[in-house]
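Examination of the molecular architecture
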Amino acid sequence: MQTQLTKKYTQIISSLQKQGALSFPMPSSPGIRQTIKEAKEWLKDAENELPSMPAGDTLPILEGYDLLHRICHATPAPAAMLRTWTDKAFQALIKGDKSICRSKLAAFLAPLIARNPQAIDPRHIAWYADVTTRWVNQLKRTGTFPGETPEEIRRRLGILLRADLFAHLGSSQNTEKSRWLRQNKISGVSINS
């Protein structure tokens, strides 16, 4: 079901984008109202399907859920719901579930922490801070992530490039981020993208 939910989510976002509905204030048209109706149905489907999904499949659904909830209801997804499912992902990670990796979990948490930190368990925020600090320290020492796959390196760098790393790097953060991109031969990713 995760694949169907993901496909439908992509269709909804694409439709909203094509209709100019992802701008503020959101314009109104019959097409947009129909797409919002479909988005509300998607939210209900996601709520029904999440309990039966493997933990690794929940993260992309939760990202979409939060965004569509904001679009449909002009409020963030319920904090209790995000906490419940984020905790499920953490428990799976702790138990060794290979469908959850640290970088995917961190990539999921980063925008939520930025948008709505009250919805995130403080332990998870502390975990995110610890993981990203370790990655920054690794890059400061070696400039890369030895032994990691290109996909994993790209995901970690994507998280760090979007983050405000002033506490770690001071005013040289843009210089350091550019160096990391060069050293890891990553194209298509920009600083603060």
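Here we summarise the structure given alongside this text.

About the cut-offs
- Residues numbered from 1 in each chain as written.
- Predicted model: local features only at pLDDT ≥ 70, side-chain atom pairs only at ≥ 80, totals over all residues.
- Heavy atoms only, no water.
- Helix = DSSP H or I, 4+ residues; strand = E, 2+ residues; numbered from the N terminus.
- Expected span 1.5 Å × (residues − 1).
- Buried < 20%, exposed > 50% of the residue type's maximum accessible area, 1.4 Å probe, protein only.
- Contact = heavy atoms within 4.5 Å.
- Axes fitted to C-alpha atoms, helices over the stretch in contact; angles between N-to-C directions.
- Parallel < 35°, antiparallel > 145°, perpendicular 65-115°, else oblique.
- Core = buried A, V, L, I, M, F, W, Y, C linked by side-chain atoms within 4.5 Å.
- Arc of directions from axis to C-beta.
- Phe/Tyr/Trp six-rings, centres within 6.5 Å; stacked < 30°, edge-to-face > 60°.

With that settled, the discussion passes to helix H7 (residues 150-162). Taking 1.5 Å as the rise per residue, H7 with 13 residues should run 18 Å; its terminal C-alpha atoms sit 18 Å apart, in good agreement. Buried residues of H7: Glu152, Ile153, Arg156, Leu157, Gly158, Ile159, Leu160 and Leu161, and no others. Structurally, H7 contributes buried residues whose contacts are with helix H5 (102-115), helix H6 (122-142) and helix H9 (173-183).

In the contact formed by H6 and H9, the axes pass within 11 Å of each other and the chain directions differ by 70 degrees. Classified by the interaxial angle, the pair formed by H6 and H9 is roughly perpendicular. Between H6 and H9, the contacting residues are Val136, Leu139, Lys140 and Thr142 on the first element and Arg179, Trp180 and Gln183 on the second.

Counting 56 residues, the largest nonpolar core has Trp42, Leu68, Leu105, Leu109 and Trp127 as the members making the most contacts within it. Elements that contribute at least two residues to this core include exactly helix H1 (2-18), helix H2 (30-49), helix H3 (55-73), helix H4 (79-94), H5, H6, H7 and H9. If you tally residues by element for this core, the top one is H3, at 8 residues. Every residue in contact with Trp42, bar those within four places of it in the chain, is listed here: Leu5, Lys8, Tyr9, Ile12, Ile61, Gly64, Tyr65 and Leu68.

In this section: H6. Since the α-helix packs 3.6 residues into each turn, any two residues three or four apart lie on the same face. Over its 21 residues, H6 extends 30 Å from the first C-alpha to the last, a length consistent with the 30 Å expected when each residue adds 1.5 Å. Buried within H6 are the following residues: His124, Trp127, Tyr128, Val131, Thr132, Trp135, Val136 and Leu139. The arc that holds the buried residues of H6, viewed along the axis, is 165 degrees, so those residues lie on one side. Opposite the buried face of H6, by more than 90 degrees, sit the exposed residues Pro122, Arg123, Arg134 and Arg141. Summarising the contacts, the buried residues of H6 are in contact with H4, H5, H7, helix H8 (166-169) and H9. Just downstream of H6 lies Gly143, where phi reads positive at about 80 degrees.

It is worth spelling out the packing of aromatic side chains at this point. Summed over the entire model, instances satisfying the criterion amount to 2 aromatic pairs. Ring geometry for Tyr9 against Trp42: centres 5.5 Å apart, planes inclined by 45 degrees, an arrangement best described as tilted. Of this pair, Tyr9 sits in helix H1 while Trp42 sits in helix H2, and the two are 33 residues apart along the sequence. The class of Tyr9 is buried, set by a relative accessible area of 19%. Classification of Trp42 as buried rests on a relative accessible area of 2%. Their ring planes at 90 degrees and their centres at 4.9 Å tell us that Phe90 and Trp127 sit as a pair that is edge-to-face. Highlighted residues: Phe90 in helix H4 and Trp127 in helix H6, separated in sequence by 37 residues. Take Phe90 and Trp127: they sit in the same class, and that class is buried.

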